[in-house]
Amino acid sequence: MSRARSSASSTPAPVQRGRGRDRHGRGIRSSATGPYLPPLQTRIDTFDMTVASTVDYLRSVWPDQLSDVTFEVAAGPASVLPGIGVERWGVNAAERRVVFYRLPIQRLTRLHRNDDLHRRMVIESCVFRAIAELLGKDPWDLAPDRFRHF
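Heads up: these notes are all about the structure in this document. Here the structure is a predicted model, which is why all the values come from computation and not from measurement.

### A closer look at the overall build of the protein
Working step 1: Counting its secondary structure elements, the protein contains 5 helices and 3 strands.
Working step 2: When the helices and strands of the protein are listed from N to C terminus, the series reads α-α-β-β-β-α-α-α.
Working step 3: Counting over 150 residues, the protein shows a buried share of 23%.
Working step 4: If you take every contact in the protein between residues at least 6 apart in sequence, the share linking residues at least 24 apart comes to 58%.

As structure tokens, this is what we get:
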């Protein structure tokens, strides 16, 4: 038995997309954090803020040497250096540019205590060492007053 073809006038209207999000009359889904909580802070945001605050501090201590330096954050280096491994940062003194590689700093560093304070200290130490490499100084000489209480 052959099926009758439907005519163009009897085709159903297209279904409105997104209507399945209000199932059972409970309303539209809310955000994961809720309406009264701040948005979640990601590891990328924390890394960027830590690098930016450390660079701002060092620019206030060394304004003449760091005024024209460009600081960037990248996910990772393009290649692995044979015999050295994965770089945590790259310094280009000719272009006055420092690039921090987020994934190697965050994931390849072995911490004795994995908490927010120690992760921040690792990021800050990488920033200090990269800028010391650019300026040709020891990292401890960049901010001698900052560590006086230790």
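What follows continues from the structure just given.
### Looking at the nonpolar core
Working step 1: Core analysis: the largest hydrophobic core is formed by 24 residues, its most contacted members being Leu-66, Phe-71, Phe-100, Ile-131 and Leu-142.
Working step 2: Element by element, the count of residues in this core is highest for helix α4 (residues 116–135), at 10 residues.
Working step 3: If near-sequence neighbours (up to four positions away) are discounted, Phe-100 is found in contact with Phe-47, Val-51, Phe-71, Glu-72, Val-73, Ala-74, Arg-88, Trp-89, Ile-105, Cys-126, Val-127 and Ala-130.

### Re the side chain of His-118
Working step 1: Here His-118 shows up in helix α4.
Working step 2: Dropping the residues within four chain positions of it, His-118 is found in contact with Leu-111, His-112 and Arg-113.

### A short note on unusual backbone geometry
Working step 1: Positive phi outside glycine occurs at Arg-96, with the angle close to 55°.
Working step 2: The topology assignment puts Arg-96 in the loop between β2 (89–92) and β3 (97–101).

### Description of the sheet that holds β3
Working step 1: Strand order in the open sheet formed by 3 strands is β1-β3-β2, and the pairing between neighbours is mixed. In this open sheet, the two edge strands, each paired with only one partner strand, are β1 (70–74) and β2. Averaged over all pairs of adjacent strands, the angle between strand axes in this sheet comes to 15°, irrespective of strand direction.
Working step 2: Judged from the 5 bridges that link them, β1 and β3 form a sheet pairing that is parallel. Bridge assignment links Val-73 to a residue of β3, and that residue is Phe-100.
Working step 3: On top of the sheet, helix α1 (residues 43–61) reaches β1 and β3; it is set at about 165° to β1, its chief contact.
Working step 4: Together, β1, β2 and β3 form the strand contacts of α4, whose direction differs from that of β2 by roughly 20°.

### Topic: the packing of α1 against α4
Working step 1: It is at 9 Å that the axes of α1 and α4 come closest, and there the two elements cross at 45°. The angle between α1 and α4 falls in the class oblique. For the crossing formed where α1 meets α4, the hand is right-handed. The segment α1 lies against α4, with Phe-47, Thr-50, Val-51, Ser-53, Thr-54, Val-55, Tyr-57 and Leu-58 engaging Arg-120, Ile-123, Glu-124, Val-127, Phe-128 and Ile-131.
Working step 2: Of the residues belonging to the contact of α1 with α4, the class tally is 9 nonpolar, 3 polar and 2 charged.

### Things to note about the packing of aromatic side chains
Working step 1: Throughout the structure, instances matching the rule amount to 1 aromatic pair.
Working step 2: Their ring planes at 10° and their centres at 6.4 Å tell us that Phe-71 and Phe-100 sit as a pair that is stacked. Taken together, the residues span a long stretch of sequence, with Phe-71 in strand β1 and Phe-100 in strand β3 at a distance of 29 residues. By the burial criterion, Phe-71 is buried, and Phe-100 matches it.

### Some thoughts on the pattern of salt bridges
Working step 1: Applying the stated criterion across every chain, the model contains 4 salt bridges.
Working step 2: Arg-96 is the partner of Asp-68 in a salt bridge, and the nearest nitrogen-oxygen pair spans 3.3 Å. Placement of the pair is Asp-68 in the loop between α2 (63–66) and β1 and Arg-96 in the loop between β2 and β3, with a sequence separation of 28 residues.
Working step 3: Among the residues examined, Arg-96 registers a relative accessible area of 23% and is labelled partly exposed.
Working step 4: For Glu-124, the salt bridge goes to Arg-120, with nearest N and O atoms at 3.1 Å. You can see Glu-124 and its partner Arg-120 sitting in helix α4, 4 residues apart, about one turn around the helix.
Working step 5: The class of Glu-124 is buried, set by a relative accessible area of 14%.

What counts and how
- Residues numbered from 1 in each chain as written.
- Predicted model: local features only at pLDDT ≥ 70, side-chain atom pairs only at ≥ 80, totals over all residues.
- Heavy atoms only, no water.
- Helix = DSSP H or I, 4+ residues; strand = E, 2+ residues; numbered from the N terminus.
- Buried < 20%, exposed > 50% of the residue type's maximum accessible area, 1.4 Å probe, protein only.
- Contact = heavy atoms within 4.5 Å.
- Core = buried A, V, L, I, M, F, W, Y, C linked by side-chain atoms within 4.5 Å.
- Pairing = 2+ DSSP bridges.
- Axes fitted to C-alpha atoms, helices over the stretch in contact; angles between N-to-C directions.
- Parallel < 35°, antiparallel > 145°, perpendicular 65-115°, else oblique.
- Left-handed = near helix turned anticlockwise from the far one by under 90°.
- Nonpolar A, V, L, I, M, F, W, Y, C, P; charged D, E, K, R; others polar.
- Phe/Tyr/Trp six-rings, centres within 6.5 Å; stacked < 30°, edge-to-face > 60°.
- Salt bridge = Lys/Arg side-chain N within 4 Å of Asp/Glu carboxyl O.

So, to be careful, I would describe these as geometric facts and stop short of saying anything about function.
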